[in-house]
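Structural overview
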Amino acid sequence: MNYKIITYGCQMNENDSEKIAGMLKQAGHSPTEDENEANIIILNTCSVRENANDKFFGHLGYYKKLKKEKKDLVLCICGCMMQQDSVVNEIKSKYRHVDMIFGTHNIHEFPQLLADHLEKHEMVVGIWEDGREIVENIPVERKHEFKAYVSIMFGCNNFCSYCIVPYTRGRERSRTVESIRSEVEALAKTGCKEITLLGQNVNSYGNTLGEEITFPGLLKELAKVDGIERIRFMTSHPKDISLELIETIAGEKKLCNHVHLPVQAGNSRVLSAMNRKYSKEDYLDLVRKIKVKIPGVALTTDIIVGFPGETEEEFMDTMDILEKCEFDSAYTFLYSPREGTPAYNMEEQIDEDIKHERLNRFLDRHHRISKKINQGYLGKVYDVLVEGLSKNNPDNVTGRTETNKTVNFKGDVSLVGQIVKVKITQAKSFSLDGEIVS
Ligand code: 5AD
Ligand code: SF4
């Protein structure tokens, strides 16, 4: 059969989709981009924001039509939304054309669930309420040979008051160093140069293992793997980042000069209401240390505007943090109330118009800051890992610096997967242009 997987949301979901693809491929099925050719369609959902829910139900309506035309199409849905009872109940009652539903904790059961559906021809539902022991050795079908995501832990114990992830991905669990190392060694053998380690809060890696291993310890172990030239990771919670981690990034060549450190908001009262456990001053102190100890570091962040009760004055602290930290890039979100989280019931939900207006002010200022940062790259030479042909110009390739800047330059497909030296000739707000120098 042919399969098509549509992935919404974060890198963790992308990595889960790669595992689902791995299991399908192992069973002899083939990928297709063309929906009309697909016999199995899988929607891997995200529930971080409310509008994802609305879009998802819109898509389900569309697939109802497609299923009428193609009677043997198998429609599977999985991911974070399936860990919410209200969503699953709605699907069971109103969207009977769905064939399979499974959650984030039991992806490895996918082949069995598919076999059950193909045998019984009825809706099959398999959802575990929480994560049990980690299942290793699920085959993974990766998008690229030269770079790969590696999940090092699952779940989250932080319960930020706006966030649904601890409810959909369960409690924090870390993989063992041995299993992570063997995955990375296998990747290196097949030509992988860059790995991105994934976890909701990588700084608490190892807490559930009952051994003396910390995240910097894991990084040092993985840096020993021959063939791996770049190591990235996300996400770091500011409350848990250690001096040892900052020094490890500064001292270990393979660790990319890039820290993704979500601040979420600039005001200390708002941060406390978000249950983030650090103040504005704590965050600024941390950023100062990072910038002093890791010269040339790129700092990126996540920002939520319009958290319940956020006043104009409090929002100005977010603008002030932007001004002081000069983020290379910022993923910005309008606060979205998620049922089941403490912030959902907070009074003083902010008007959507005010949220948009604040977001626009933030983005406007940020564009100018990122352009200024990018201008600092002009005339210098950087190592760039070439990721593919440029979308806009077939004579150009696109790649990334260690600091995760996108660089476009003249080149052909033979460069893909290589690390080359590129001199920067033009700086834009969100990318750089350059020319290859070796
Ligand atoms: N509303 C808006 N943004 C959210 N995020 C998480 N929950 C919400 C929410 N309810 C954002 C945070 C987090 C990122 C992955 O998504 O900024 O860091
Ligand atoms: Fe959500 Fe906070 Fe956990 Fe990140 S650390 S996944 S924002 S609860």
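Here goes a summary of the coordinates provided. Being a predicted model, the structure only gives us computed values, none of them experimental.

Section: the site of ligand 1
What surrounds ligand 1 is the set Val 48, Arg 49, Tyr 162, Gln 264, Asp 302, Ile 304, Phe 333, Leu 334, Tyr 335, Ser 336 and Arg 338. Note that an oxygen atom of ligand 1 is positioned 2.6 Å from one of the side-chain N or O atoms of Asp 302. A distance of 2.8 Å is found between a nitrogen atom of ligand 1 and a backbone nitrogen or oxygen belonging to Ser 336. For the shell around ligand 1, the secondary structure elements donating two or more residues are strand E13 (298-305) and strand E14 (329-334).

A closer look at the nonpolar core
In terms of nonpolar packing, the biggest core is built from 80 residues, with Ile 195, Leu 197, Tyr 205 and Phe 215 touching the most fellow members. Mapping this core onto the domain boundaries places at least three of its residues in each of domain 2 (147-375) and domain 3 (381-436). Among the nonpolar cores identified, the runner-up in size contains 21 residues, and Ile 6, Phe 56, Val 98 and Met 123 belong to it.

Things to note about the pattern of salt bridges
With the rule as written, the count across this model stands at 33 salt bridges. Close ionic contact of Arg 169 with Asp 16 constitutes a salt bridge, the shortest N to O distance being 3.0 Å. Note that Arg 169 is positioned in the loop between helix H5 (165-168) and strand E9 (173-174) and Asp 16 in helix H1 (residues 11-26), a separation of 153 residues in sequence. For Asp 16, a relative accessible area of 5% translates into the label buried. We note a salt bridge from Lys 372 to Glu 326, for which the minimum N-O separation is 2.7 Å. Taken together, the residues span a long stretch of sequence, with Lys 372 in helix H12 (residues 352-375) and Glu 326 in the loop between helix H11 (312-325) and E14 at a distance of 46 residues. Each of Glu 310, Glu 312, Glu 357, Arg 358 and Arg 361 takes part in one network of salt bridges that share partners.

With respect to the sheet that holds strand E7 (residues 147-151)
Spatially, the three strands line up as an open sheet ordered E7-E10-E11, and their pairing is parallel. Only two strands of the sheet have a single partner each, and these edge strands are E7 and strand E11 (230-234). When the angles between neighbouring strand axes are averaged without regard to direction, this sheet yields 20°. Bridge count for E7 against strand E10 (residues 194-198) is five bridges, and the pairing is parallel. Counted as the bridge partner of Lys 147 is Glu 194 from E10. Taken strand by strand, helix H7 (residues 215-223) contacts E10 and E11, and its axis lies near 155° from that of E11.

A short note on the packing of aromatic side chains
Evaluated as defined, the whole model comprises eleven aromatic pairs. Seen from their ring centres, Phe 57 and Tyr 95 are 5.4 Å apart, and the 35° between their planes marks the pair as tilted. A residue pair is termed long-range when its members are at least 10 positions apart, and Phe 57 in helix H2 (residues 50-69) and Tyr 95 in the loop between helix H3 (85-94) and strand E5 (100-102) qualify at 38 residues. Each of the two residues, Phe 57 as well as Tyr 95, counts as buried. For the ring pair Phe 102 and Phe 110, a centre distance of 5.4 Å and an interplane angle of 40° mean the geometry is tilted. With relative accessibility at 0%, the residue Phe 102 sits in the buried group. Among the aromatic side chains, those forming a connected cluster through ring pairs are Phe 56, Phe 57 and Tyr 95.

Notes on the sheet that holds strand E12 (residues 258-260)
The three strands are arranged E12-E13-E14 in an open sheet whose pairing can be described as parallel. Pairing within the sheet leaves two strands with one partner each, and these edge strands are E12 and E14. Along the sheet, successive strands turn relative to each other by an average axial angle of 10°, direction set aside. Here E13 runs beside E14; their pairing, made up of six bridges, is parallel. Opposite Ile 303, over in E14, you have Thr 332 as the bridge partner. Strand contacts of H12: E13 and E14, with the helix running at about 175° to E14, the strand carrying the most contacts.

Points about the packing of H11 against H12
Where H11 contacts H12, the two axes come as close as 10 Å, and the packing angle between them is 15°. Relative to H12, the element H11 lies roughly parallel. In the packing of H11 onto H12, the handedness of the crossing is right-handed. On H12, the residues touching Glu 312, Phe 315, Met 316, Thr 318, Met 319, Leu 322 and Glu 323 of H11 are Arg 358, Arg 361, Phe 362, Arg 365, His 366 and Ile 369. Residue composition of the contact of H11 with H12, grouped by class: six nonpolar, two polar and five charged.

Calculation notes
- Residues numbered from 1 in each chain as written.
- Chains lettered and ligands numbered in written order.
- Predicted model: local features only at pLDDT ≥ 70, side-chain atom pairs only at ≥ 80, totals over all residues.
- Heavy atoms only, no water.
- Near = heavy atom within 4 Å.
- Polar contact = N/O pair within 3.5 Å; in protein donor to acceptor, adjacent residues only side chain to side chain.
- Helix = DSSP H or I, 4+ residues; strand = E, 2+ residues; numbered from the N terminus.
- Core = buried A, V, L, I, M, F, W, Y, C linked by side-chain atoms within 4.5 Å.
- Buried < 20%, exposed > 50% of the residue type's maximum accessible area, 1.4 Å probe, protein only.
- Domains from an automatic or database assignment.
- Salt bridge = Lys/Arg side-chain N within 4 Å of Asp/Glu carboxyl O.
- Pairing = 2+ DSSP bridges.
- Axes fitted to C-alpha atoms, helices over the stretch in contact; angles between N-to-C directions.
- Contact = heavy atoms within 4.5 Å.
- Phe/Tyr/Trp six-rings, centres within 6.5 Å; stacked < 30°, edge-to-face > 60°.
- Parallel < 35°, antiparallel > 145°, perpendicular 65-115°, else oblique.
- Left-handed = near helix turned anticlockwise from the far one by under 90°.
- Nonpolar A, V, L, I, M, F, W, Y, C, P; charged D, E, K, R; others polar.

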